[in-house]
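Observations on the model geometry
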Amino acid sequence: MVSQEDTAIIANQLADLTRNVEQMAAQLKALGARADSHDRRADSQQARTDIQQERIRIAAGELAEVSDRLHAAANALREAT
(Lines give C-alpha, C1' and ligand atoms only; values in the text may rest on other atoms or scores of the structure.)
Protein backbone atom coordinates (compact mmCIF):
# COMPACT_ATOMS: atom_id res chain seq x y z
CA MET A 1 0.00 0.00 0.00
CA VAL A 2 1.27 3.47 -0.92
CA SER A 3 1.49 5.98 1.88
CA GLN A 4 0.60 9.63 1.60
CA GLU A 5 4.28 10.47 1.90
CA ASP A 6 5.11 8.20 -1.06
CA THR A 7 2.27 9.75 -3.03
CA ALA A 8 3.59 13.24 -2.26
CA ILE A 9 7.11 12.24 -3.33
CA ILE A 10 5.83 10.76 -6.58
CA ALA A 11 3.64 13.81 -7.21
CA ASN A 12 6.66 16.10 -6.70
CA GLN A 13 8.77 13.98 -9.02
CA LEU A 14 6.06 14.07 -11.66
CA ALA A 15 5.76 17.86 -11.27
CA ASP A 16 9.54 18.21 -11.68
CA LEU A 17 9.48 15.92 -14.68
CA THR A 18 6.62 17.93 -16.20
CA ARG A 19 8.54 21.20 -15.71
CA ASN A 20 11.66 19.68 -17.25
CA VAL A 21 9.71 18.41 -20.24
CA GLU A 22 8.06 21.83 -20.69
CA GLN A 23 11.48 23.52 -20.55
CA MET A 24 12.89 21.10 -23.10
CA ALA A 25 9.86 21.66 -25.34
CA ALA A 26 10.39 25.42 -25.12
CA GLN A 27 14.09 25.00 -25.91
CA LEU A 28 13.29 22.77 -28.87
CA LYS A 29 10.74 25.27 -30.13
CA ALA A 30 13.29 28.10 -29.86
CA LEU A 31 15.91 25.95 -31.59
CA GLY A 32 13.45 25.17 -34.37
CA ALA A 33 12.68 28.87 -34.79
CA ARG A 34 16.39 29.69 -35.01
CA ALA A 35 16.90 26.90 -37.52
CA ASP A 36 14.00 28.20 -39.63
CA SER A 37 15.44 31.70 -39.48
CA HIS A 38 18.85 30.38 -40.49
CA ASP A 39 17.31 28.46 -43.38
CA ARG A 40 15.51 31.58 -44.60
CA ARG A 41 18.75 33.59 -44.45
CA ALA A 42 20.63 30.82 -46.23
CA ASP A 43 17.94 30.64 -48.94
CA SER A 44 18.05 34.41 -49.35
CA GLN A 45 21.85 34.37 -49.56
CA GLN A 46 21.72 31.55 -52.10
CA ALA A 47 19.26 33.54 -54.20
CA ARG A 48 21.57 36.57 -54.12
CA THR A 49 24.52 34.36 -55.03
CA ASP A 50 22.61 32.86 -57.94
CA ILE A 51 21.70 36.34 -59.21
CA GLN A 52 25.32 37.50 -58.91
CA GLN A 53 26.57 34.41 -60.73
CA GLU A 54 24.08 35.01 -63.55
CA ARG A 55 25.19 38.65 -63.81
CA ILE A 56 28.83 37.54 -63.92
CA ARG A 57 28.00 35.00 -66.64
CA ILE A 58 26.23 37.68 -68.70
CA ALA A 59 29.06 40.17 -68.18
CA ALA A 60 31.63 37.53 -69.22
CA GLY A 61 29.64 36.87 -72.39
CA GLU A 62 29.48 40.58 -73.15
CA LEU A 63 33.23 40.93 -72.55
CA ALA A 64 33.88 38.03 -74.89
CA GLU A 65 31.79 39.73 -77.57
CA VAL A 66 33.66 43.03 -77.08
CA SER A 67 36.97 41.16 -77.24
CA ASP A 68 35.93 39.49 -80.50
CA ARG A 69 34.94 42.87 -81.97
CA LEU A 70 38.25 44.43 -80.89
CA HIS A 71 40.18 41.57 -82.47
CA ALA A 72 38.17 41.95 -85.67
CA ALA A 73 38.80 45.70 -85.69
CA ALA A 74 42.52 45.17 -85.07
CA ASN A 75 42.69 42.64 -87.89
CA ALA A 76 40.83 45.01 -90.21
CA LEU A 77 43.29 47.81 -89.35
CA ARG A 78 46.25 45.52 -90.06
CA GLU A 79 44.79 44.52 -93.40
CA ALA A 80 44.07 48.14 -94.29
CA THR A 81 47.68 49.22 -93.80
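Above this text is the structure in question.
A few points on the structure. All values reported here derive from a predicted model rather than from experimental measurement.

Quick notes on the rules
- Counting from 1, residues in each chain are numbered in the order their sequence is written.
- Where local features are concerned, this predicted model is filtered to residues with pLDDT of at least 70; where side-chain atom pairs are given and counted, the filter is 80 or more; whole-chain, interface and lining totals use all residues.
- In computing side-chain properties, one takes all heavy atoms of the structure into account and sets aside hydrogens as well as water.
- A helix here means a DSSP run of H or I that spans at least four residues, while a strand means a run of E at least two residues long, and both kinds are numbered starting from the N terminus.
- Burial classes follow relative accessibility: with a 1.4 Å probe on protein chains only, a residue under 20% of its type's maximum area counts as buried, one over 50% as exposed, and anything between as partly exposed.
- A carboxyl oxygen of Asp or Glu within 4 Å of a side-chain nitrogen of Lys or Arg is what we treat as a salt bridge.

1. Re the environment of Arg-78
Take Arg-78: it is sitting in helix H1 (residues 4-80). Residue classification places Arg-78 among the exposed positions, given a relative accessible area of 57%. Separated by 35 residues in the primary sequence, Arg-78 and Asp-43 place their C-alpha atoms 52 Å from one another.

2. Some thoughts on the pattern of salt bridges
Close approach of charged atoms lets side chains of opposite charge pair. For the structure on display, the rule yields three salt bridges. Here Arg-19 and Asp-16 are joined by a salt bridge, their closest N and O atoms 2.2 Å apart. One end of the pair is Arg-19 and the other is Asp-16, both in helix H1 and three residues apart, which spans about a single turn. Arg-69 is the salt-bridge partner of Glu-65, the closest N and O atoms lying 3.6 Å from each other. Separated by four residues within a single helix, Glu-65 and Arg-69 lie in helix H1, roughly one turn from each other. Take Arg-69: its relative accessible area is 57%, and that puts it in the exposed class.

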